[in-house]
Structures are given as structure tokens and as C-alpha cells.
Amino acid sequence: MVIDDFGDTDVFEHREIEKPSPGPTEVLVRVRASSVNPVDCKIRQAGSWAGISPPAVIGYDISGVVEAVGETVTDFDVGDEVFYTPEIFGEQGSYTEYHAADESIVARKPESLSHAEAAALPLAGATAWEAVVTRGDVTAGKTVLIHGAGGVGSHAVQIAATAGAQVIATASPKTVEQTENLVRLALLTTRQKISST
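Residues numbered from 1 in each chain as written. Predicted model: local features only at pLDDT ≥ 70, side-chain atom pairs only at ≥ 80, totals over all residues. Heavy atoms only, no water.

(A) Just the overall build of the protein chain, in detail. When you go through the protein chain residue by residue, the secondary structure sums to 5 helices and 9 strands. Starting at the N terminus and ending at the C terminus, the protein chain contains elements arranged as β-β-β-α-β-β-β-β-α-α-β-α-β-α. The dimensions of the protein chain, computed from C-alpha atoms along their principal axes, are 50 × 40 × 25 Å. For the protein chain, buried positions account for 38% of its 197 residues. In the protein chain, of all internal contacts separated by at least 6 residues, the share reaching a separation of at least 24 is 69%. Averaged over its 14 positive side-chain charges, the protein chain has a centre that lies 10 Å from the centre of its 27 negative ones. (Helix = DSSP H or I, 4+ residues; strand = E, 2+ residues; numbered from the N terminus. Buried < 20%, exposed > 50% of the residue type's maximum accessible area, 1.4 Å probe, protein only. Contact = heavy atoms within 4.5 Å. Lys, Arg positive; Asp, Glu negative; His and termini not counted. Charge placed at Lys NZ, Arg CZ, Asp CG, Glu CD.)

(B) Structural context of the packing of aromatic side chains. Across all of its chains, the model carries 2 aromatic pairs by this definition. A ring pair is formed by Trp-49 and Phe-89, whose centres lie 6.2 Å apart and whose planes are at 75°; its orientation type is edge-to-face. Taken together, the residues Trp-49 in the loop between helix H1 (38–46) and strand S4 (62–69) and Phe-89 in the loop between strand S5 (81–84) and strand S6 (98–102) connect sequence positions 40 residues apart. Directly above the ring of Tyr-98 sits Lys-19, whose terminal nitrogen or CZ lies 4.4 Å from the centroid. (Phe/Tyr/Trp six-rings, centres within 6.5 Å; stacked < 30°, edge-to-face > 60°. Lys NZ or Arg CZ within 6 Å of the ring centre and 35° of its normal.)

(C) Local environment of the packing of helix H3 (residues 122–135) against helix H4 (residues 151–162). Here H3 crosses H4 at 50°, and the two axes come no closer than 8 Å. With respect to their mutual orientation, H3 and H4 come out oblique. Judged by the twist between their axes, the crossing of H3 over H4 is right-handed. Each of Ala-124, Gly-125, Thr-127, Ala-128, Trp-129, Val-132 and Val-133 in H3 lies in contact with H4, whose residues at this interface are Gly-151, Val-152, His-155, Ala-156, Ile-159 and Ala-160. Grouping the amino acids of the contact of H3 with H4 by side-chain chemistry returns 9 nonpolar, 4 polar and no charged. (Axes fitted to C-alpha atoms, helices over the stretch in contact; angles between N-to-C directions. Parallel < 35°, antiparallel > 145°, perpendicular 65-115°, else oblique. Left-handed = near helix turned anticlockwise from the far one by under 90°. Nonpolar A, V, L, I, M, F, W, Y, C, P; charged D, E, K, R; others polar.)

(D) Highlighting the sheet that holds S4. Pairing is antiparallel in the open sheet, where 5 strands are placed in the order S6-S3-S4-S5-S7. Of all strands in the sheet, those bounded by a partner on one side alone are S6 and strand S7 (107–108). Strand direction decides the pairing type here: strand S3 (residues 26–33) and S4, joined by 6 bridges, are antiparallel. Note on S4: the bridge partner recorded for Val-29 is Val-66. (Pairing = 2+ DSSP bridges.)

(E) Spotlight on the side chain of Ser-94. Its place among the elements puts Ser-94 in the loop between S5 and S6. Looking at Ser-94, its side chain comes within polar contact range of the side chain of Ser-34, at 2.6 Å. Engagement of the side chain of Ser-94 in a polar contact is seen with the backbone oxygen of Asp-61, the distance being 3.1 Å. Residues contacting Ser-94, with those up to four places away along its chain left out, are Val-31, Ser-34, Ile-58, Gly-59, Tyr-60, Asp-61, Ile-62 and Pro-86. (Polar contact = N/O pair within 3.5 Å; in protein donor to acceptor, adjacent residues only side chain to side chain.)

(F) Fine view of the side chain of Asp-61. Topologically, Asp-61 is positioned in the loop between H1 and S4. Within the buried core, Asp-61 has no salt-bridge partner, and the shortest N-O distance to an opposite charge, that of Lys-42, equals 14 Å. In this structure the side chain of Asp-61 is engaged in a polar contact, spanning 2.6 Å, whose partner is the side chain of Ser-35. Residue contacts for Asp-61: discarding those within four places in its chain leaves Ala-33, Ser-34, Ser-35, Asn-37, Tyr-84, Thr-85, Pro-86, Ser-94, Ala-119, Leu-121, Pro-122 and Leu-123. (Salt bridge = Lys/Arg side-chain N within 4 Å of Asp/Glu carboxyl O.)

(G) Main features of H4. Between its first and last C-alpha atoms H4 spans 18 Å; for 12 residues at 1.5 Å apiece the expected length is 16 Å, and the two agree. Residues of H4 that are buried: Gly-153, Ser-154, His-155, Ala-156, Val-157, Ile-159, Ala-160 and Ala-161. Two residues or fewer past H4, Gly-164 is found with a positive phi of approximately 95°. (Expected span 1.5 Å × (residues − 1).)

(H) Highlighting unusual backbone geometry. In this structure, the amide linkage connecting Pro-54 to the following residue, Pro-55, adopts the cis form with an omega of 5°. Positionally, Pro-55 belongs in the loop between H1 and S4. In this structure, Asp-137 is a non-glycine residue whose phi angle is positive, near 50°.

Below is the structure:
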């Protein structure tokens with residue numbers, strides 16, 4: 001799906017484009033699923049701040065199957081199921097049949113997840129990880145306040161709970177029970193891992 005200009009959803013146009021070839025350190029992925037994030041909408045509406053110049057393909061979550069590998073790729077083979085977030089600034093996005101990405105940003109898709117489930121994880125999950133672990137340095141015994149347990153927040157409450165932090169979260173009335181269940185499940189999973197080691 002190509003955007004020829006910035007604007008509302010009517011700027012999308014289904015179009016044939018050239019199939020990318022993987023560079024030496026890249027994998028070529030046949031996209032099986034993608035998702036829609038708030039950043040996708042913002043870039044579609046006015047994405048010059050992100051280095052996007054129409055015509056462009058946007059989208060920032062991919063789950064798919066490796067179709068070809070560059071000559072120096074060592075971690076992936078043709079047929080591997082993978083998922084990742086494409087580079088946002090000035091790069092081709094995920095609303096396409098094929099996408100080439102450096103192997104350093106690609107991960108193997110867990111077998112327990114469908115492609116649709118895996119495509120819902122990379123950007124929101126990585127954003128939550130960056131906030132809670134990388135920048136927040138959340139560890140056992142700390143208290144974490146997460147405002148809005150929506151897309152990113154639902155991942156953040158699980159990551160913080162798994163780290164052993166006390167989690168306080170705000171949520172809409174519709175998602176209070178879901179948020180509580182995510183924290184309970186994260187705690188239960190953590191306890192099970194501890195008891196099995």
C-alpha cells in the first residue's frame with residue numbers, strides 16, 4: 001500500500017512496486033502480517049518529520065518468512081519465521097508483500113504465536129521494554145506507575161511485573177480487569193520459572 005501524499009486513509013493506493021533485493025547483511029522477508037500503530041497514523045497524516053517523502057510505503061510491524069538472505073547473513077536461513085520493527089525514519093515500511101531488513105533488527109518468531117499475533121508485538125513491545133528496562137532500570141522491589149495500560153502499557157505492566165516490581169497502572173473502565181489479569185499472569189509465569197530452576 002503506497003501513499004502518494006499525506007492525509008487521511010484515502011491516500012493509500014494498492015500498487016505494484018519493485019521487489020527489494022537483500023543487501024549483504026539483510027534478509028528478504030515475505031510479509032505475512034503487519035499491524036497499525038499510532039505512529040503509522042501520524043506518519044500517514046504528516047510524516048515529513050520522520051524523513052518520509054511520498055510516494056512511500058509505511059507501517060512498522062512485520063511478521064513473515066525469510067525468502068532470501070544476503071551473502072554475509074549468519075543468523076537466518078530461507079524459510080525461517082521472523083518478526084521485527086522496520087526502521088521508521090526514512091525507510092520502507094511493512095505495508096508491502098516483501099521487505100528487506102538488516103539481520104541485526106530481526107528476531108525469530110516464537111512458534112507459539114501466529115503471524116498476526118507476532119505482528120502486534122514488535123513496536124509496542126520494544127517501546128515498553130525501552131521505557132521500563134532500558135530507561136527506567138526497573139528491578140525487583142521498585143514501584144512502577146504506568147499511565148494507560150493500552151497498547152504499549154499492556155506490555156509495560158507485564159514487563160514490570162516480571163521484573164519483580166510493584167505495578168500501579170491506570171486503565172479505562174473497560175480494561176481494568178484485563179490489566180489486572182496481565183499482571184497476575186506475568187507474576188504467575190515468573191513464579192513458575194523460579195520454581196523450575
